[in-house]
Amino acid sequence: MASPFNPADIIKNITMVRISFILILIFLVTTGYTRPVVGKTDQGGKVIDERGKQEIVKKIIPVDKVWSGHPVGFSLLTSGNRQYIAYYNAERHIVVGQRELTQNKFELFGIPPQERQSPEGTSTILGWDSHNYLTLGIDKDGYIHLSGNMHVNGLTYFRSTRPGDITTLVQIPEMTGKNEKRCTYPRFIINKEGELIFRYRDGQSGNGNDIYNIYSTETKKWSRLLDTPMTDGEGEMNAYASTPHLEKDGWYHMYWVWRNTYDCSTNHDLSYMKSPDLKSWFNAYGEPVKLPVTFGNKSVIVDTVPVHGGIINLAAELCFDNPGNPLFAYHKYDQAGNLQLYTARFTGKKWDIKKLTDWDYRWDFSGGGCIETEVKLGPFINRGDGLYELGYSHIKYGKGTFLLNEKMEICGKVLKPVTVTDTIKAEGTFPLLKVMTAPDSGSSNKPGGKYFLKWETLPVNRDKPRQEPWPEPSRLYLYEVEIQQ
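Rules behind the numbers
Residues numbered from 1 in each chain as written. Predicted model: local features only at pLDDT ≥ 70, side-chain atom pairs only at ≥ 80, totals over all residues. Heavy atoms only, no water. Helix = DSSP H or I, 4+ residues; strand = E, 2+ residues; numbered from the N terminus. Rg over C-alpha atoms; globule rule 2.2 N^0.38 Å. Buried < 20%, exposed > 50% of the residue type's maximum accessible area, 1.4 Å probe, protein only. Contact = heavy atoms within 4.5 Å. Areas by Shrake-Rupley, 256 points an atom, 1.4 Å probe, with all protein chains shown as cover. Pairing = 2+ DSSP bridges. Axes fitted to C-alpha atoms, helices over the stretch in contact; angles between N-to-C directions. Polar contact = N/O pair within 3.5 Å; in protein donor to acceptor, adjacent residues only side chain to side chain.

Caption draft 1: How the structure looks around the overall build of the chain. A count of helical and extended segments in the chain gives 2 helices and 34 strands. For 485 residues, the compact-globule estimate of 2.2 N^0.38 gives 23 Å, and the C-alpha radius of gyration of the chain, at 23 Å, lies within 12% of that figure. Dimensions along the principal axes, computed over C-alpha positions, put the chain at roughly 60 × 55 × 45 Å. The buried share among the 485 residues of the chain stands at 53%. Contacts spanning at least 24 positions in sequence make up 57% of the contacts within the chain whose residues lie at least 6 apart. Working note: accessible area of the chain is about 21,700 Å², and carbon and sulfur atoms make up 51% of it.

Following this line, the structure appears as structure tokens:
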């Protein structure tokens, strides 16, 4: 199924990326360039220069030609010495692939095209909805699981019949057979015990619940991890929640905002809880949280951001202070109506909320469908030296990394190295094409490097069809990158 590629094109591509890095480094060294900073750092502050940690492209592997009419997420999963991918090809059909890390070509397998017969049905053909990403998981016996192409649709799920062989995927019509007609946001999780968890939303924006299943490798069957949904909007709202993440303290941590309708401006109330086992949950005060958690449980609320208050789903970053307390960065409107960055730190008795920025700009988001993001938060990191760093990207104020002190005040900046993704330009000439990437959701036995997928599409269009002409299919590549100290 793979389209033929000219090896000379690949060599040229690698050469151009390396030349771009050299030119950028020469510019940085000869000009002493530093990115302008915003707000408080305009008056000076500490500068930490990490630009020496450059990324170098080690390998680029062409995969296939893919649909470019609108963006939708692809999946890359590295497991030991093997690597698996799932994407939509030029005809918008699901294709999966695999390779050994020593191989320079993927073995590809096309999932038989299946039209969606009803809103509740399944399909392997992509429509115009940018929510319909693909996600891969692998259980502890090595069997591969695939789900996706769902936005308030019937469960679309596949499992391989042989371990480690993605070409043996077959469609499984159901997991538990309950609450599987209006599925969205599928995600596979591996728990502490190495067991595979599947999480999805049952319902829709403004009226939905988070469901968690667990897979038994002994019985080859799924069952409910919890007797109830994780969250319940009680018919009035739904929770847009992060995937529970296992942190260094041995606990799973998750956060969410509530949303009242399909309109993203109706997000409100940043909330948080934690668990030692994904079953028993506690608020920041250490008090048990009864499941399903509802909006009526005020003990889990971090910041009572109101409806139309400037917080959007999953636009928060979580880290932990030196005593191990949760610490959030997020955005909301200030009293003047401008969008600002804030932090919320749990002190043991309350959430201490601080405003970081003084930007003169309002990102006035609203409506349904996938929207263009004007303000993004980057990684929020406790550096371990009494300082924290928070990345950001702003449509007006650019991109950078703030340096914060223990009082959650901006005290400087961190100069980050140019990444490979910063330098990649679209190959296509169709207007508005942009570069898309998908990170590796797994890990390999090969230290010091990372992998990602790269392709090109037009921007989001609120999940609505575009009139022709459409761009030509773009090339999907796998990049292998190494960090040089």
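Caption draft 2: Representation of unusual backbone geometry. Look at the link from leucine 291 to proline 292: it is a cis peptide, with omega at -5 degrees. Here proline 292 lies in the loop between strand 21 (288–289) and strand 22 (301–303). With an omega of 10 degrees, the peptide bond running from glutamate 468 to proline 469 counts as cis. By the element assignment, proline 469 lies in the loop between strand 33 (449–457) and strand 34 (474–484). In this model, histidine 308 sits at a positive phi of 65 degrees, which is unusual for a non-glycine residue. Assignment of secondary structure puts histidine 308 in the loop between strand 22 and strand 23 (316–320). Despite not being glycine, aspartate 463 has its phi angle at roughly 65 degrees, a positive value. Its place among the elements puts aspartate 463 in the loop between strand 33 and strand 34.

Caption draft 3: Local environment of the pairing of strand 34. In this structure, strand 2 (residues 54–66) lies alongside strand 34, joined through 11 bridges in antiparallel fashion. Opposite isoleucine 56, over in strand 34, you have glutamate 482 as the bridge partner. Pairing of strand 33 with strand 34, which is carried by 6 bridges, proceeds in the antiparallel orientation. Note on strand 34: the bridge partner recorded for lysine 454 is tyrosine 477.

Caption draft 4: Highlighting the sheet that holds strand 14 (residues 207–216). Read across the sheet, 5 strands follow the order 9-12-13-14-15 without closing on themselves; strand pairing throughout is antiparallel. Looking along the sheet, the strands with just one partner apiece sit at the ends: strand 9 (151–153) and strand 15 (221–224). In this sheet, adjacent strand axes meet at a mean angle of 40 degrees when their direction is disregarded. Of the strand pairs in this sheet, strand 14 and strand 15 are connected by 4 bridges, and their pairing is antiparallel. Along strand 15, the bridge assignment pairs asparagine 213 with arginine 224.

Caption draft 5: Structural view of the environment of serine 123. Along the chain, the position of serine 123 falls in the loop between strand 6 (107–110) and strand 7 (134–138). Spatially, the C-alpha atoms of serine 123 and leucine 77 are 22 Å apart, while their sequence positions differ by 46 residues. What serine 123 contacts, discounting residues up to four positions off in sequence, is Gln114, Glu115, Arg116, Asn149 and Thr156. A distance of 2.9 Å separates a polar side-chain atom of serine 123 from the backbone oxygen of glutamine 114. A polar side-chain atom of serine 123 sits 3.0 Å from the main-chain amide nitrogen of isoleucine 125.

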